[in-house]
Amino acid sequence: MTLTDPQTLKRQVAQAALAFVEPGQVLGVGTGSTVDCFIDALAASGLDVAACVSSSERSTQRLRAAGLRVVEAGEVERLAVYIDGADEIDPRGHMIKGGGAALTREKIVADLAERFVCIADASKCVPVLGRFPLPVEVIPMAVPQLQRRFARLGAEARLREGCRTDNGQLILDVHGLSISDPLALEVELNQWPGVVCVGIFARHRAALALIAGAQGVQRFDY
Ligand code: 5RP
């Protein structure tokens, strides 16, 4: 195992994120393999958080297995911090998320939070979003219609095989986009009938990112 082994980087950035957790607070918790490391680090730290609001069944199970209390999003009015990973992050803190199909709940929990702290390894940093296929959660009956709409943008929306979200919906992974204006595209796609949630996090971009790489963990404020 090297210092830049992906799992080592995830553990490093997860450990660094503990600096943003305060005892007694209710914490927003994202989804994914980096967040799994964060949940493990949080449990091992002994930091006495009051509870967590989880963004997926996957994270809820892991939090509970670690002995952490989980409350529903509807039980809180605001969160100081939401900690989550990303599939891509650009130099302004805009992200693509949803590789783990949890984008809708992630955006709901992020919306409750004052600060989105993104935790990722350096491979997720891109100059322009879009190399990672954009996940879009959709209502099943709209799939062919939405695929035609994306085709008119010059992109290909592929149905994610065997995937049902925690909300019982489907995921289209959209290939071939170059997202130079993430906010404009997020707003546009949100208008398309049948779209539940777009995996562009521009309105809910990161307030700061902790990025693990060969130089250690670096902090970027946006
Ligand atoms: C899940 C997500 C994750 O944050 C994203 O896929 C990154 O995951 P990982 O930490 O496993 O690379 O958006 O829906």
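Residues numbered from 1 in each chain as written. Predicted model: local features only at pLDDT ≥ 70, side-chain atom pairs only at ≥ 80, totals over all residues. Heavy atoms only, no water.

### Notes on the packing of aromatic side chains
A complete count under the given rule lists 3 aromatic pairs for this structure. Plain terms: the ring middles of F116 and F201 are 6.3 Å apart, the flat faces sit at 85° to each other, and that makes the pair edge-to-face. Note that F116 is positioned in strand 7 (residues 113-121) and F201 in strand 12 (residues 200-201), a separation of 85 residues in sequence. Across this residue pair, the class does not change: F116 and F201 are buried. Put simply, the rings of Y82, F116 and F201 touch in pairs and so form one group of aromatic residues. Here K107 stacks its cationic end above the ring of F201, 5.0 Å away from the centre of that ring. (Phe/Tyr/Trp six-rings, centres within 6.5 Å; stacked < 30°, edge-to-face > 60°. Helix = DSSP H or I, 4+ residues; strand = E, 2+ residues; numbered from the N terminus. Buried < 20%, exposed > 50% of the residue type's maximum accessible area, 1.4 Å probe, protein only. Lys NZ or Arg CZ within 6 Å of the ring centre and 35° of its normal.)

### Here's the deal with unusual backbone geometry
Phi is positive for A101, close to 70°, though the residue is something other than glycine. Structurally, the position occupied by A101 is in the loop between strand 6 (95-96) and helix 4 (103-112). Take A101: its relative accessible area is 13%, and that puts it in the buried class.

### Let's talk about the sheet that holds strand 6
Spatial strand order, 5-6-12: 3 strands in an open sheet with antiparallel pairing. Of all strands in the sheet, those with a lone pairing partner are strand 5 (88-89) and strand 12, marking the two edges. With 2 bridges connecting them, strand 5 and strand 6 associate as antiparallel partners. Note on strand 6: the bridge partner recorded for I89 is M95. (Pairing = 2+ DSSP bridges.)

### Here we look at helix 5 (residues 143-152)
Taken as a whole, helix 5 has its buried residues at V143, L146 and F150. The buried residues of helix 5 all sit within an arc of 65° when viewed along its axis, so they share a single face. Lining the buried residues of helix 5 we find strand 8 (134-138), strand 9 (156-159), strand 10 (170-175), helix 6 (182-190) and strand 11 (195-198). Trailing helix 5 by a residue or two, G154 shows a phi angle of about 85°, which is positive. (Arc of directions from axis to C-beta. Contact = heavy atoms within 4.5 Å.)

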